[in-house]
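A structural walkthrough
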Amino acid sequence: MGASQQQLQELSQQLQEIEEQIQVLRGEVEQVRDEQDAVDEATDAIEQLETGSTVQVPLGGGAYVRATIDDIDEIIVELGADYAIERDQDGAAETLEHKKDRLGDRIDDLEEEITELESESGQLEQQAQQLQQQAMQQQMQQMQGQGQGPGSDQGLDE
């Protein structure tokens, strides 16, 4: 295998690894967007509920129980890292908005990382194209050299 073939193979492997990283990051972006949607739903629910409202509370495993809200100003909101806080209705909505903003920042960071990887991928693709063009030029030169070398002057013996 020639040096340029080996370089092409290495570039191809790097491109494949970058594409896999991009796919993983895109999956993370989707997960964070799903989490943002859940925060939006929770915020909407908090803003619409009142003391005395009846809701279905998830118990896990797909099971729910009907419950009546005794006090809308006693809402537990997850903060992250296994921490939660009890807030009143407005405070809970505000906490969820901050959470949504942090999730948006995370999406921005992931998308920036994707853009950087796509740029790197584009540069590697250009390198691969240049190597392929060089390899083709070398092959053409070798073919031309074989056709004009010694022993190719057939038909000149008289």
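Residues numbered from 1 in each chain as written. Predicted model: local features only at pLDDT ≥ 70, side-chain atom pairs only at ≥ 80, totals over all residues. Heavy atoms only, no water.

Let us look at the pairing of strand E3 (residues 75-80). Sheet topology places E3 next to strand E4 (residues 83-87); five bridges connect them, and they run antiparallel. Residue isoleucine 76 lies in a different strand from E4, and its bridge partner there is glutamate 86. In this antiparallel pair of consecutive strands, E3 and E4, the connection spans two residues, and alanine 81 shows a positive phi of 55 degrees. (Pairing = 2+ DSSP bridges. Helix = DSSP H or I, 4+ residues; strand = E, 2+ residues; numbered from the N terminus.)

Take arginine 106: it is sitting in helix H2 (residues 89-147). Taking the C-alpha atoms as reference, arginine 106 lies 32 Å from valine 55; in sequence the two are 51 residues apart. There is a polar contact of 2.9 Å between the side chain of arginine 106 and the side chain of glutamate 28. (Polar contact = N/O pair within 3.5 Å; in protein donor to acceptor, adjacent residues only side chain to side chain.)

In this section: the side chain of threonine 95. Locating threonine 95 in the fold gives a position in helix H2. Once residues within four sequence positions are removed from consideration, threonine 95 is found in contact with Val77, Leu79 and Arg87. (Contact = heavy atoms within 4.5 Å.)

Right, let's talk about the layout of surface pockets for a bit. Approximately 620 Å³ is the volume attributed to the largest pocket. Taken together, 20 residues line the largest pocket, and the ones lying closest to its centre are Leu49, Val55, Val57, Ile75 and Ile76. Elements that contribute at least two residues to the lining of the largest pocket include exactly helix H1 (3-48), strand E1 (54-60), strand E2 (63-68), E3 and H2. Looking at side-chain class alone, the lining of the largest pocket contains 13 nonpolar, two polar and five charged residues. (1 Å grid on protein atoms, 1.4 Å probe; cavity = no way out; pocket = protein on both sides within 12 Å on 5 of 7 lines; lining within 4 Å. Points joined across faces, edges and corners; volume = space filled by probe spheres on them. Nonpolar A, V, L, I, M, F, W, Y, C, P; charged D, E, K, R; others polar.)

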